[in-house]
Amino acid sequence: MTEHKCTGEHSVHICELATQNKFNQITKLAQNPYYMCINCGRVADSEENLCNPLALDKIPVEAPG
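Presented here is a report on the structure given in the accompanying data block. (Residues numbered from 1 in each chain as written. Predicted model: local features only at pLDDT ≥ 70, side-chain atom pairs only at ≥ 80, totals over all residues. Heavy atoms only, no water.)

Focus: the nonpolar core
Turning to step 1, where the next piece is worked out: Ile 14, Leu 17, Ala 18, Ile 26, Leu 29, Tyr 35, Cys 37, Ala 44, Leu 50, Cys 51 and Ala 55 together form the largest nonpolar core, which totals 11 residues.
Turning to step 2, where the next piece is worked out: When residues in this core are grouped by element, the largest group, 3 residues, is from helix H1 (residues 14-19).
Turning to step 3, where the next piece is worked out: Non-local contacts of Ala 18, meaning those with residues more than four positions away in its chain, are made with Phe 23, Ile 26 and Arg 42. (Core = buried A, V, L, I, M, F, W, Y, C linked by side-chain atoms within 4.5 Å. Buried < 20%, exposed > 50% of the residue type's maximum accessible area, 1.4 Å probe, protein only. Helix = DSSP H or I, 4+ residues; strand = E, 2+ residues; numbered from the N terminus. Contact = heavy atoms within 4.5 Å.)

Here's the deal with the side chain of Asn 52
Turning to step 1, where the next piece is worked out: Position of Asn 52 among the secondary structure elements: in the loop between strand E2 (43-44) and strand E3 (53-55).
Turning to step 2, where the next piece is worked out: We classify Asn 52 as buried; its relative accessible area is 11%.

A word on unusual backbone geometry
Turning to step 1, where the next piece is worked out: Phi at Asn 21 takes a positive value of approximately 60°, unusual for a residue other than glycine.
Turning to step 2, where the next piece is worked out: By the secondary structure assignment, Asn 21 is in the loop between H1 and helix H2 (23-29).
Turning to step 3, where the next piece is worked out: Note on Asn 21: relative accessible area 57%, which makes it exposed.

Quick look at the structure:
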């Protein structure tokens, strides 16, 4: 998977909130995650809270080897 630049309003992205130690807010945004950031691996309920979101069910899973 290719890393992409940040899309949307970065100030509401979980990676930015983490740099500001806003962990209570992050916890609320990741109660029932459905998206993962392809850049950093963080998860969130909404794609608007991630820089490069992809739905969890769209992420290719490697077979154990």
